[in-house]
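Below, each chain spelled out in residue letters.
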Amino acid sequence: MANDWKIGNDARRRTTDQLRDFREANDGAVAWDTEAPADFTYVFHPHRVLVRVEEVEDFEAAVARLDKGVLGDPPQRDDVRLLDGELVRYLLGERPGGESVPDVLDLLEASGLRRGAASPDHWVHVAPGGGGGGTLCPAIEPEETGLVEPWPPLVPQHKVACDVRVVVIDTGWNPASGSDPRTPWLHGVHGDDELNGPDLRPYAGHGTFIAGVVRCVAPETKVFVQGFAIGGLGGGGVLESDLVHHLEKALDHDPQVINLSAGCRTRMDLPSIALEKFHRKHLRDRDCVLVAAAGNDSWAAPFWPAAFDWCVGVGSIDRDERVSDFSNFGVSADVYALGRNHVNAFPDGTFTCHESPDKGDVRVFSTGMARWSGTSFAAPYVAGRIAREISETGSSARDARDAVLARARYDSDPMVGPHHELDLL
């Protein structure tokens, strides 16, 4: 019992550390939905509201019906054009009563606005979480390893029917890994330089590690790592209204597969407006598959975009094929793949842990490799399997996705329900 209390207390301290660091990294533009940070469900911009363009008139009419003491001034419509105008962003000014963005949306819906017509601008974070003491990060911080080969191991490809392109949208790319003789499976990968120095920032190497997982599964795949948190900006996170811009940029590379080891919980667990609009405008009629991490909350509530039926949501299993204790499940996990104790490429440097119970510990990386766990690393394993299927068969991205999921072994766990698991190649 005492040990259970300690584990729970460590988790609460860890979540509090994460949120406070995250808010500091983003100049205070971070709010959450509970008084105690350790209990948060979702994280959002404290002044922004997103509205579908077709519901702008209803939104503005509902604002006009609000009591004048709620908003000091009407919301200001942002002049940034999102998704060619399909998504409109408003800035809420002074609120004399101190109402939060969710409070204002509650009042608007009480006055007749359709629930979900407007939404907070949620923060999407690498392998993030929420839901009764969730987390904003991978299941652990990166750890040193004495291993010099990746795990899961590199699987050579001898049959290639066509070229395949994968875009990893993440924290950026460590260019040194692309020419390092210690990590030859990353040669030929390109991306946005994450600007590492000798002192590694939080989440440094996350995108590079993920690219390594893809390349070990599908070594003939062309991979580009697109960074949304270059140089430490954002603390590993991006607002959903900005993420759709990065997703649009990813399409410039004409990928068959996009890997997003990130996501978010949302107000009332409603689908992300921004990601829903991106799919309808750009992905629905395109032969491109989005693969996303299911999150690390041990939770069944929807985690976006993994929970969308058009996205391949990936949970984590351990080597004994049990669902990892940190992995989300349910609607956010279409399939499970190894997510515990991956070993792959990582920048050399000194990393100081930021989270309890390891806060302040110094880890020195000097082998070009690290060990890491989380659904962040299960997702690129599945993305790599889909890319490999395309490469070897010449099939469409959607057919490859369906073939990979169909071959996943069906299993049932009383804690998570029926699910599919991908065995190692």
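Conventions adopted
- Numbering of residues starts from 1 in every chain and runs along the sequence as written.
- Residues qualify for local features only when their pLDDT is at least 70, as the model is predicted, and side-chain atom pairs are given and counted only at 80 or more; totals for whole chains, interfaces and linings, by contrast, use all residues.
- Each side-chain value is derived from all of the structure's non-hydrogen atoms; neither hydrogens nor water enter the calculation.
- By definition, any uninterrupted DSSP run of H or I lasting at least four residues is a helix, any uninterrupted run of E lasting at least two residues is a strand, and each is numbered from the N terminus.
- Atoms counted for the radius of gyration: C-alpha only. Globule rule: 2.2 Å times the number of residues to the power 0.38.
- When a residue's accessible area, from a 1.4 Å probe over protein chains only, is under 20% of the maximum for its type it is buried; when over 50% it is exposed; and in between it is partly exposed.
- Contacts are residue-level and defined by heavy atoms, with any inter-residue pair within 4.5 Å sufficient.
- A side-chain nitrogen of Lys or Arg and a carboxyl oxygen of Asp or Glu constitute a salt bridge if their distance falls within 4 Å.
- What the arc covers is the set of directions going from the helix axis to the C-beta atoms.
- Definition used in this section: a nonpolar core is a set of buried Ala, Val, Leu, Ile, Met, Phe, Trp, Tyr and Cys residues joined via side-chain atoms within 4.5 Å.
- Any two strands between which DSSP finds at least two bridges are classified as paired.
- To get an axis, fit a line to the C-alpha atoms, keeping to the stretch in contact for a helix; angles then go from 0 to 180 degrees between the N-to-C directions.
- Each angle receives one of four descriptions, namely roughly parallel if under 35 degrees, roughly antiparallel if over 145, roughly perpendicular if within 65 to 115, and oblique otherwise.
- Each crossing gets its hand from how the near helix is turned against the far one by less than a right angle, where anticlockwise is left-handed and clockwise is right-handed.
- Residue type decides the class: Asp, Glu, Lys and Arg count as charged, Ala, Val, Leu, Ile, Met, Phe, Trp, Tyr, Cys and Pro as nonpolar, and the leftover types, Gly among them, as polar.
- Side-chain rings of Phe, Tyr and Trp (the six-membered ring for Trp) are treated as a pair once their centres are within 6.5 Å; stacked means planes under 30 degrees apart, edge-to-face means over 60, and tilted covers the remaining angles.

## Re the overall build of the protein chain
- Counting its secondary structure elements, the protein chain contains 8 helices and 21 strands.
- By the compact-globule yardstick of 22 Å for 425 residues, the protein chain fits well, its C-alpha radius of gyration being 21 Å.
- For the protein chain, the proportion of its 425 residues judged to be buried stands at 59%.
- Residue pairs at least 24 apart in sequence account for 74% of intrachain contacts in the protein chain once pairs closer than 6 positions are excluded.

## Quick look at the pattern of salt bridges
- For the structure shown, the criterion picks out 31 salt bridges.
- Aspartate 39 is paired through a salt bridge with arginine 12; the nearest N and O atoms lie 2.7 Å apart. Of this pair, aspartate 39 sits in the loop between strand 1 (31-32) and strand 2 (43-52) while arginine 12 is found in helix 1 (residues 2-25), placing the two residues 27 residues apart along the sequence.
- Close ionic contact of aspartate 121 with arginine 48 constitutes a salt bridge, the shortest N to O distance being 3.5 Å. Residue aspartate 121 is found in strand 5 (residues 118-126), and its partner arginine 48 is found in strand 2; the two are separated by 73 residues along the sequence.
- A relative accessible area of 0% means that aspartate 121 is categorised as buried.
- Three or more residues joined by partner-sharing salt bridges are found here, namely Glu321, Arg409, Asp411, Glu421 and Asp423.

## So, helix 2 (residues 56-65)
- All of the buried residues along helix 2 are Val56, Phe59, Ala62 and Val63. Considered in projection along helix 2, the buried side chains sweep an arc of 130 degrees and stay on one side of the axis. Structural note: helix 2 exposes Glu57 and Ala64 on the side pointing more than 90 degrees away from its buried face.
- Where helix 2 is buried, its residues meet strand 2, strand 3 (76-77), strand 4 (87-91), helix 3 (101-110) and strand 5.

## As for the nonpolar core
- Ranked by size, the top nonpolar core spans 50 residues in total, and within it Val223, Val291, Val314, Val382 and Ile386 carry the most contacts.
- Per element, the largest residue contribution to this core is 9 residues, and it comes from helix 7 (residues 375-393).
- Those residues in contact with valine 291 that sit more than four places away from it in its chain are Val257, Ile258, Asn259, Leu260, Cys311, Val312, Val314, Ala379, Val382, Ala383 and Ile386.
- In this structure, Leu82, Leu87, Tyr203 and Ala250 belong to the second largest nonpolar core, which totals 35 residues.

## Quick notes on the sheet that holds strand 17 (residues 349-352)
- Reading across from one edge, 8-17-18 is the order of the 3 strands in this open sheet, with mixed pairing throughout. The open sheet has two edge strands with one neighbour each: strand 8 (199-200) and strand 18 (362-365).
- Here strand 17 runs beside strand 18; their pairing, made up of 4 bridges, is antiparallel. In the strand pairing of strand 18, threonine 350 is matched with valine 364.

## Concerning the environment of valine 160
- Position of valine 160 relative to the elements: it lies in the loop between strand 5 and strand 6 (165-170).
- Taking the C-alpha atoms as reference points, valine 160 and serine 391, 231 residues apart in sequence, are found 5.2 Å from one another.
- Not counting chain neighbours up to four residues away, the residues in contact with valine 160 comprise Glu220 and Ser391.

## Considering the packing of helix 7 against helix 8 (residues 397-407)
- Packing of helix 7 against helix 8 leaves a shortest axis separation of 8 Å and a crossing angle of 120 degrees. One finds that helix 7 runs oblique with respect to helix 8. The two elements helix 7 and helix 8 meet at a crossing, and its hand is right-handed. Taking contact as the criterion, the partners of Arg385, Ile386, Glu389 and Ile390 in helix 7 are, on helix 8, Ala397, Ala400, Arg401, Ala403, Val404 and Arg407.
- Residues of the contact of helix 7 with helix 8, tallied by class, amount to 6 nonpolar, no polar and 4 charged.

## Here we look at the packing of aromatic side chains
- As enumerated under the stated definition, the model contains 10 aromatic pairs in all.
- Counting every residue linked through ring pairs, the aromatic cluster contains Phe209, Phe346, Phe365, Trp372 and Phe377.

## Overview of unusual backbone geometry
- A cis amide bond links tryptophan 151 to the next residue, proline 152, at an omega of -5 degrees.
- Locating proline 152 in the fold gives a position in the loop between strand 5 and strand 6.
- In this structure, proline 305 follows tryptophan 304 across a cis peptide bond, with omega equal to 10 degrees.
- With respect to the secondary-structure elements, proline 305 resides in the loop between strand 13 (289-293) and strand 14 (312-317).
- The phi torsion at serine 298 lies on the positive side, around 55 degrees, for a residue other than glycine.
- Note that serine 298 resides in the loop between strand 13 and strand 14.

## So, the packing of helix 4 (residues 206-217) against helix 7
- Contact pair helix 4 / helix 7: the axes reach a minimum separation of 8 Å and the direction vectors enclose 35 degrees. Between helix 4 and helix 7 the crossing geometry is right-handed. For the pair helix 4 and helix 7, the contacting residues are His206, Phe209, Ile210, Val213, Val214 and Val217 in the first and Ser376, Phe377, Pro380, Tyr381, Gly384, Arg385 and Arg388 in the second.
- Class assignment of the residues belonging to the contact of helix 4 with helix 7 gives a composition of 8 nonpolar, 3 polar and 2 charged.

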